[in-house]
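Given next are the chains, with one letter for each unit.
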Amino acid sequence: MNTSGNQISNSRANTSFKRKTAKYCMHALAVVFIAFGMSACDVIEEDGQNGEQEEAEVISQEISESEAEEAREFWTPQRLEQAEPVDPGWIDHEEQDPPALTEPEIPGPDVQVMQSRGVLPDSIEKGQSGRFKIQKDTAVHEASQVSANYTQYPYRTVGRVFFTKNEDWSSCSAAVIASENQSVVWTAGHCVSERGNEDWHDNWIFIPAYNNGNEPLGRWSARVKATFVAWHSNGNRNYDLGAVVVEQRENRSIASVTGSLGWMFSAQRDQDWRQLGYPASGSLFSGQNMWECFAPYDGADGVGSDPGPGHRP
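This report concerns the structure included in the present document. Only a predicted model underlies this, so the values are computations on that prediction, with no experimental measurement involved. (Residues numbered from 1 in each chain as written. Predicted model: local features only at pLDDT ≥ 70, side-chain atom pairs only at ≥ 80, totals over all residues. Heavy atoms only, no water.)

### Re unusual backbone geometry
Phase 1 of the analysis: In the segment running from Y153 into P154, the intervening peptide bond is cis, with an omega of 10°.
Phase 2 of the analysis: Tracing the backbone shows P154 in the loop between β4 (144-145) and β5 (158-165).
Phase 3 of the analysis: Backbone geometry at Q182 places phi at a positive 55°, although glycine is not the residue there.
Phase 4 of the analysis: Along the chain, the position of Q182 falls in the loop between β6 (168-176) and β7 (184-187). (Helix = DSSP H or I, 4+ residues; strand = E, 2+ residues; numbered from the N terminus.)

### Quick word on the nonpolar core
Phase 1 of the analysis: If you look at the biggest cluster of nonpolar residues, it comprises 41 residues, and the most contacted ones within it are F162, V185, W204, F206 and M290.
Phase 2 of the analysis: Elements supplying a minimum of two residues to this core: α4 (65-74), β5, β6, β8 (202-208), β9 (220-228), β10 (242-246) and α7 (254-258).
Phase 3 of the analysis: The next biggest cluster of nonpolar side chains, apart from the first, holds 15 residues, and it includes M114, I177, A230 and W231. (Core = buried A, V, L, I, M, F, W, Y, C linked by side-chain atoms within 4.5 Å. Buried < 20%, exposed > 50% of the residue type's maximum accessible area, 1.4 Å probe, protein only.)

### Digging into the environment of R160
Phase 1 of the analysis: Within the fold, R160 resides in strand β5.
Phase 2 of the analysis: Residue class for R160 comes out buried when judged on its relative accessible area of 1%.
Phase 3 of the analysis: Through-space distance from the C-alpha of R160 to that of Y210 is 6.1 Å; in sequence the pair is 50 residues apart.
Phase 4 of the analysis: When sequence neighbours within four positions are dropped, the list of residues in contact with R160 reads L80, A83, S171, C172, I205, F206, I207, Y210, Y278, G287 and Q288.
Phase 5 of the analysis: There is a polar contact of 2.9 Å between the side chain of R160 and the side chain of S171. (Contact = heavy atoms within 4.5 Å. Polar contact = N/O pair within 3.5 Å; in protein donor to acceptor, adjacent residues only side chain to side chain.)

### Overview of the state of the cysteines
Phase 1 of the analysis: Evaluation of the coordinates by the stated rule reveals one disulfide.
Phase 2 of the analysis: Across the disulfide, C172 is cross-linked to C191 (sulfur-sulfur distance 2.1 Å). Negative torsions about the S-S bond denote left-handed disulfides, and the value of about -90° found for C172 with C191 makes this one left-handed. One end of the pair, C172, is in strand β6; the other, C191, is in the loop between β7 and β8, and 19 residues separate them in sequence. Both residues of the pair, C172 and C191, belong to the buried class. (Disulfide = S-S within 2.5 Å.)

### Brief notes about α4
Phase 1 of the analysis: For α4, the complete set of buried residues consists of A68, A71, R72 and F74. Here the buried residues of α4 occupy an arc of 160° about the axis, which is enough to place them on one side. Along α4, exposed side chains directed more than 90 degrees from the buried face belong to E65 and E73.
Phase 2 of the analysis: The inward-facing, buried residues of α4 contact α5 (77-82), β5, β6, β8 and β9. (Arc of directions from axis to C-beta.)

### Section: the packing of aromatic side chains
Phase 1 of the analysis: Under the defined criterion, the tally for this structure stands at seven aromatic pairs.
Phase 2 of the analysis: Seen from their ring centres, F228 and Y239 are 5.3 Å apart, and the 75° between their planes marks the pair as edge-to-face. Linking F228 in strand β9 with Y239 in the loop between α6 (229-232) and β10, this pair joins segments that are 11 residues apart in sequence. There is no split in this pair, since F228 and Y239 are both buried.
Phase 3 of the analysis: Judged by centre distance (4.7 Å) and plane angle (80°), the ring pair of F285 and W291 falls under edge-to-face.
Phase 4 of the analysis: Pairwise contacts between aromatic rings join F74, W75, F162, Y210 and Y278 into one cluster.
Phase 5 of the analysis: Over the ring of F74 we find R79; its NZ or CZ atom is 4.0 Å from the centre of that ring. (Phe/Tyr/Trp six-rings, centres within 6.5 Å; stacked < 30°, edge-to-face > 60°. Lys NZ or Arg CZ within 6 Å of the ring centre and 35° of its normal.)

The following block contains the structure:
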């Protein structure tokens, strides 16, 4: 899935591109099922239909109101600062040759492009677009730390996730996406459950516009965590996708406070992308600040490969 309308890419979801109609359909509608409570797709390819259908099923965990409150209270400033990014165990591409550029695949006429536009937060007056537009000639291949106020839209839709993984204090990046219940946060599968172990992460909270310990828009606990069976039970990295329905705070949904980003399935990949998140590796990236990067389409991973194209100069 790629976020669209106000386009921000989910790099892990963007790298794997499924060829079969059934895979497109199940990927799309499974996530729609997470966000909107709709049924899954019943169009299955003839080859491997049972296995693919089972892997594309969604599994979820409900969190009680008391557990949600305990999660909010668990995360002290010290624990937030010491939380480490989750390492999903992918192979580092830096020492490998970059993949050859290939012609981007375009979905056929039997593949439906599904999409939804993001919405502005209630605090922005009607008539103010607040949307960014990406031009072809603005592509930048280097990341930079966000200098704008994080509470500006669309930055306010992006935040940092904190959770406990066994006894570890862990973190990820995530974003609020458009949904009917206005309460869905999109992230990676490894940010909601352990790969292939059927073990959910605990004490899960999302802090939009997080900035070096500051929480300008508050913290929001998970009430439902969801991912694919393929990830949760089988460890299939092509399904490393997660969605979380968060609680309402003071009778307000999170999207009414932060706004939301749009999303898109099965679209052509040859576009310019804007990525936002909280990288945390080495001495440059602490995970405490938001970074952004503009970039055009570069290349594709093969199905089953470790995600992410090689680094280019």
